[in-house]
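Chain by chain, the residues:
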Amino acid sequence: MALAERWLLPDGVKEILPPKARQVEMLRRRLLDLYDNWGYEQVIPPLVEHLESLLTGVGKDLDINTYKLVDQESGQALGLRADITPQVARIDAHRMQKQGANRLCYCGSVVHTRADNMLASRNPLQLGAEIYGHAGIESDVEVISLMIETLLACGLDEELSLDLGHVDVYRGVVEIAELSADQQKKYHDLVLKKSLPDLTEFLATLSLSAEILAMLAVLPRLNGGIEVLERAKTALAQAPRAVIESIEYLCQLAELMQMRYPKVDLYFDLAELRGANYHTGVVFSAISPLFAQAVAKGGRYDDIGADFGRLRAATGFSTDLVTLSNISENIEQRAGVLAPAGDEASLLKAIAELRAQGVRVIQKLPTDNHELELGCDRRLEKQADNWVIIPRDHALNL
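As a starting point, this report considers the structure included with it. Not measured: the values here are computed from a predicted model.

### Thoughts on the nonpolar core
Counting 76 residues, the largest nonpolar core has Tyr187 and Leu236 as its most contacted members. Once you skip the residues sitting within four places of it in the chain, Leu236 turns out to touch Val169, Val173, Met215, Val218, Leu219, Leu222, Val243, Ile244 and Ile247. The next biggest cluster of nonpolar side chains, apart from the first, holds 14 residues, and it includes Val88, Tyr106, Val110 and Ile304.

Rendered as structure tokens:
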């Protein structure tokens, strides 16, 4: 690497500088305090872990996005985490051994081999909360509510929408169709792309009953407002009972969420395939007009603990804290007090007292003449025998 390029970061890897770094940190504290108020205990998993552990269970989908390396101590394969959720599942299964519901939250860096999209960072700051050990709708309602409260705490209260789906709707329709592995893959890809003309052409090649073909055709079209759920009950009436139960579950969930957050718009997509390999029930995401992608997402993944030897129901959500900071209301930057250089006892005492009160005090270095760059709007000045704070223009005493 040329000398002139040594300061450059890899493509997609981002750093945060002042004053943005302070805003991110203040937002982190605010949200972790919010989670603590809801009874969620914070965990801090390591950045690096045994590769096999990181890629267990839901982590299998992360294989291509996980950096691999060899431990120089043991020779074993390690990985840099691409998602914190598998780590938290391991902690719940083996480190805490809690029998009832276990509420956990986290905030930490993850590293991706490739960005999710052209604008995304490869080193997001993942923030999330999860409930282990409870399989009812009540825990789904709680984590979705906490996700919404997270966005409200960031000032994202305008035109906020909640997208809801249920993976058992898609699975049930595909199950009754008894498609081959290749046909399932083709159908999955077309539904994922919402490529309806190509889907129609593909379905015409299948030797299935008219009822099943109709369900396969209508499934990717079942998206929109709450009226979609009633339409789905009719269109998928011949589907397995699990499909109808999933739609009823969404109806109940929608009623509960509307009661709690009447200003949040509800949108339903019954062919939602995000995380279909590991989600086991409802999936959800939050959408804000301030960002082109979902700002937070999650779902139920009741099988997550099985590969760790302790099957536990689980539901949760995650988001990128930096993204939230970028689109949230700005946290007011702290102006400081500029103190003169020197070791005079009374000066040092005055500085210490101000800092103990939470005042930001920057003591000038003897040879530093760049006062305007220090971000101070006041000055500490000695008048008679007292140190007082005055505006930078000396217009009045504070």
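### So, the layout of surface pockets
The volume enclosed by the second largest pocket comes to roughly 200 Å³. Forming the boundary of the second largest pocket are 11 residues, of which Tyr170, Val174, Gln184, His188 and Asn277 lie nearest the centre. Secondary-structure elements contributing two or more residues to the lining of the second largest pocket are α5 (167-177) and α6 (181-193). No other element matches α5, which puts 4 residues into the lining of the second largest pocket. In terms of residue class, the lining of the second largest pocket is built from 5 nonpolar, 3 polar and 3 charged.

### As for the pattern of salt bridges
Inspection of the entire model under this criterion finds 16 salt bridges. Among the ionic pairs, Asp63 bridges to Lys68, the shortest N-O distance being 2.6 Å. Accessibility expressed as a relative area gives 35% for Asp63, which makes it partly exposed. Take Lys68: its relative accessible area is 42%, and that puts it in the partly exposed class. Salt-bridge contacts for Glu142 lead to Arg103; the nearest nitrogen and oxygen are separated by 2.7 Å. Of the two residues, Glu142 is situated in helix α4 (residues 137-153) and Arg103 in strand β5 (residues 102-109); the sequence distance between them amounts to 39 residues.

### A few points about the sheet that holds strand β15 (residues 376-383)
Read across the sheet, 4 strands follow the order β14-β13-β15-β16 without closing on themselves; strand pairing throughout is mixed. Each edge of the open sheet is held by one strand with a lone partner, namely β14 (361-363) and β16 (386-391). Shown here is a sheet whose adjacent strand axes are inclined to one another by a mean of 30 degrees, direction ignored. The pairing of strand β13 (residues 336-339) with β15 spans 3 bridges and is parallel. Within β15, the position partnered with Gly336 by the bridge is Cys376.

### A word on the packing of aromatic side chains
Note on aromatic pairs: each is described by the distance of the centres and the angle between the planes. Tallying each qualifying case throughout the model produces 2 aromatic pairs. Note on Tyr35 and Phe317: the rings are 6.3 Å apart at their centroids and 90 degrees apart in plane angle, and the pair reads as edge-to-face. In this pair, Tyr35 is assigned in helix α1 (residues 20-37) and Phe317 in strand β12 (residues 314-320), connecting sequence segments 282 residues apart. For the residue pair Tyr35 and Phe317, the accessibility class agrees, reading buried in each case. Ring geometry for Tyr170 versus Tyr187: centroids 6.0 Å apart, planes at 10 degrees, classification stacked. Residue Tyr170 is found in helix α5, and its partner Tyr187 is found in helix α6; the two are separated by 17 residues along the sequence.

### Quick look at the pairing of β15
Taken together, the 6 bridges between β15 and β16 define a ladder with antiparallel strand orientation. For Arg378, the partnering residue across the bridge sits in β16 and is Pro391.

### Examining the sheet that holds strand β1 (residues 41-42)
Across a sheet, paired strands are connected by hydrogen bonds in the backbone, their directions being either parallel or antiparallel. In space, the 9 strands of this open sheet follow the order β1-β5-β6-β12-β11-β10-β7-β9-β8, with mixed pairing throughout. Of all strands in the sheet, those with a lone pairing partner are β1 and β8 (223-224), marking the two edges. Relative to β12, strand β6 (residues 125-132) runs antiparallel, the two sharing 7 bridges. Bridging from a neighbouring strand, Gly128 pairs with Ser318 of β12.

What counts and what doesn't
Residue indices begin from 1 for each chain and proceed along its sequence in written order. Local features in this predicted model are restricted to residues whose pLDDT is 70 or higher, and side-chain atom pairs enter the listing and the counts only when it is 80 or higher, whereas totals over whole chains, interfaces and linings include all residues. The basis for every side-chain value is the complete set of heavy atoms in the structure, and neither hydrogens nor water enter the calculation. Within this scheme, the nonpolar core is defined by two criteria: the residues are buried Ala, Val, Leu, Ile, Met, Phe, Trp, Tyr or Cys, and they are joined through side-chain atoms within 4.5 Å. Relative accessible area decides the class of each residue, using a 1.4 Å probe on protein chains only: under 20% of the type maximum gives buried, over 50% gives exposed, and in between gives partly exposed. Contact criterion: two residues are considered in contact whenever any of their non-hydrogen atoms come within 4.5 Å of each other. Both site types are read off a 1 Å grid over the protein atoms alone. A 1.4 Å probe that fits but cannot get out defines a cavity, while an open set with protein on both sides within 12 Å along at least five of seven lines defines a pocket; lining residues have an atom within 4 Å of a point. Grid points are joined across faces, edges and corners, and a volume is the space filled by probe spheres set on the points. Secondary structure elements are defined from DSSP: runs of H or I of at least 4 residues count as helices, runs of E of at least 2 residues count as strands, and each element is numbered from the N terminus. Note on residue classes: Ala, Val, Leu, Ile, Met, Phe, Trp, Tyr, Cys and Pro are nonpolar, Asp, Glu, Lys and Arg are charged, and everything else, Gly too, is polar. The salt bridge criterion pairs a side-chain nitrogen of Lys or Arg with a carboxyl oxygen of Asp or Glu, the two atoms within 4 Å. Pairing between strands is defined by DSSP: at least two bridges between them are needed. To get an axis, a line is fitted to the C-alpha atoms, and for a helix only the part in contact is used. The angle between two axes follows their N-to-C directions and goes from 0 to 180 degrees. Between the rings of Phe, Tyr and Trp (Trp by its six-membered ring), a pair exists once the centres lie within 6.5 Å; its type follows the angle of the planes, with under 30 degrees stacked, over 60 edge-to-face, and the other angles tilted.

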